[in-house]
Amino acid sequence: MKLLSWIRTWLSGLLFLAAIATGAWLFAQQTPSYRQMADLVRTHPAVAEQIGSVTDIKLPFFGWGIGQLNPSYNVTAIGSKGQAAIRSEFRDGKMRNAWMTTASGVPVPLLVQQ
């Protein structure tokens, strides 16, 4: 009986942590910094040149982070001609760095530190 209680407690804790992580992931996609990054990806000419018109931006479950309250995002931009990995970093509420890595592994700066 003790074993079942222990397992139930651990499973409840794991479910709680999964719910918190899912909520944080959903919240990260609603922030102003995420919208700023998504707007840059959708409108930047270098992105359009490499992957075509952006049709979707996917944020992996662990594709974001907050260090000292400065968010960073690792997303996949999907376009009409292909896809590319995009990384952006924010500091003090402003995007400081953003770059795209093409399918061939070539890094392309989208925004250089200001």
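Scroll up for the structure.
Cut-offs used in this document
- Residues numbered from 1 in each chain as written.
- Predicted model: local features only at pLDDT ≥ 70, side-chain atom pairs only at ≥ 80, totals over all residues.
- Heavy atoms only, no water.
- Core = buried A, V, L, I, M, F, W, Y, C linked by side-chain atoms within 4.5 Å.
- Buried < 20%, exposed > 50% of the residue type's maximum accessible area, 1.4 Å probe, protein only.
- Helix = DSSP H or I, 4+ residues; strand = E, 2+ residues; numbered from the N terminus.
- Phe/Tyr/Trp six-rings, centres within 6.5 Å; stacked < 30°, edge-to-face > 60°.
- Salt bridge = Lys/Arg side-chain N within 4 Å of Asp/Glu carboxyl O.
- Expected span 1.5 Å × (residues − 1).
- Arc of directions from axis to C-beta.
- Patch = residues over 30% accessible without salt bridge, like charges linked within 9 Å, V, L, I, M, F, W, Y side chains within 5 Å.
- Areas by Shrake-Rupley, 256 points an atom, 1.4 Å probe, with all protein chains shown as cover.
- Polar contact = N/O pair within 3.5 Å; in protein donor to acceptor, adjacent residues only side chain to side chain.
- Pairing = 2+ DSSP bridges.

## Here we look at the nonpolar core
M37, V41, V47, Y73, V75, I86 and L110 are the most contacted members of the largest nonpolar core, which totals 23 residues. Those elements giving two or more residues to this core turn out to be helix 2 (32-43), helix 3 (45-51), strand 1 (54-58), strand 3 (70-79), strand 4 (83-91), strand 5 (94-101) and strand 6 (107-111). By residue number, the principal contributor to this core is helix 2, which donates 5 residues.

## Regarding the packing of aromatic side chains
Tallying each qualifying case throughout the model produces 4 aromatic pairs. Here W25 and F61 contribute two aromatic rings whose centre-to-centre distance is 5.8 Å and whose plane-to-plane angle is 50°, an arrangement assigned as tilted. With W25 in helix 1 (residues 2-28) and F61 in the loop between strand 1 and strand 2 (64-67), this pair connects stretches of sequence that are 36 residues apart. On the basis of relative accessible area, W25 is assigned to the partly exposed category, the value being 22%. Under the relative-accessibility criterion, F61 is labelled partly exposed at 32%.

## What to know about the pattern of salt bridges
A full pass over the atoms with the stated rule returns 2 salt bridges. Across the pair K58 and D56 runs a salt bridge, and its minimum N-O distance is 3.0 Å. Overall, the relative accessible area of 45% leaves K58 in the partly exposed class. Relative accessible area serves as the criterion here: at 28%, D56 is assigned to the partly exposed category. The partner of E89 in a salt bridge is R87, with the nearest N and O atoms 3.3 Å apart. Taking the relative accessible area as the measure of exposure, R87 reaches 23% and is therefore partly exposed.

## Side note on helix 2
Spanning 12 residues, helix 2 covers 16 Å between terminal C-alpha atoms, matching the ideal 16 Å at 1.5 Å per step. Residues of helix 2 that are buried: S33, Y34, M37, A38, L40 and V41. Take helix 2 and look down its axis: the buried residues cluster within an arc of 160°, on one side only. Seen from the buried face of helix 2, the exposed residues on the opposite side, beyond 90 degrees, are P32 and T43.

## Thoughts on a nonpolar patch on the surface
Side chains of W6, I7, W10, L11, L14, F16, L17 and I20 sit close together on the surface and give an oily, nonpolar patch of about 890 Å² of accessible area. You can see F16 is positioned in helix 1.

## What to know about the side chain of H44
By the secondary structure assignment, H44 is in the loop between helix 2 and helix 3. Among the polar contacts listed, one links the side chain of H44 to the backbone nitrogen of A46, at a separation of 3.0 Å.

## Description of the pairing of strand 5
Bridge analysis of strand 4 against strand 5 gives 7 bridges, and the strand direction is antiparallel. The partner of R91 across the bridge, within strand 5, is K94. Between strand 4 and strand 5, which pair antiparallel and follow one another directly, the connecting turn spans 2 residues, one of which, D92, has a positive phi of 55°. Judged from the 4 bridges that link them, strand 5 and strand 6 form a sheet pairing that is antiparallel. Across the sheet, residue A98 finds its bridge partner in strand 6, namely L111. Linking two consecutive strands that pair antiparallel, namely strand 5 and strand 6, is a turn of 5 residues; a positive phi of about 90° is found at G105 within it.

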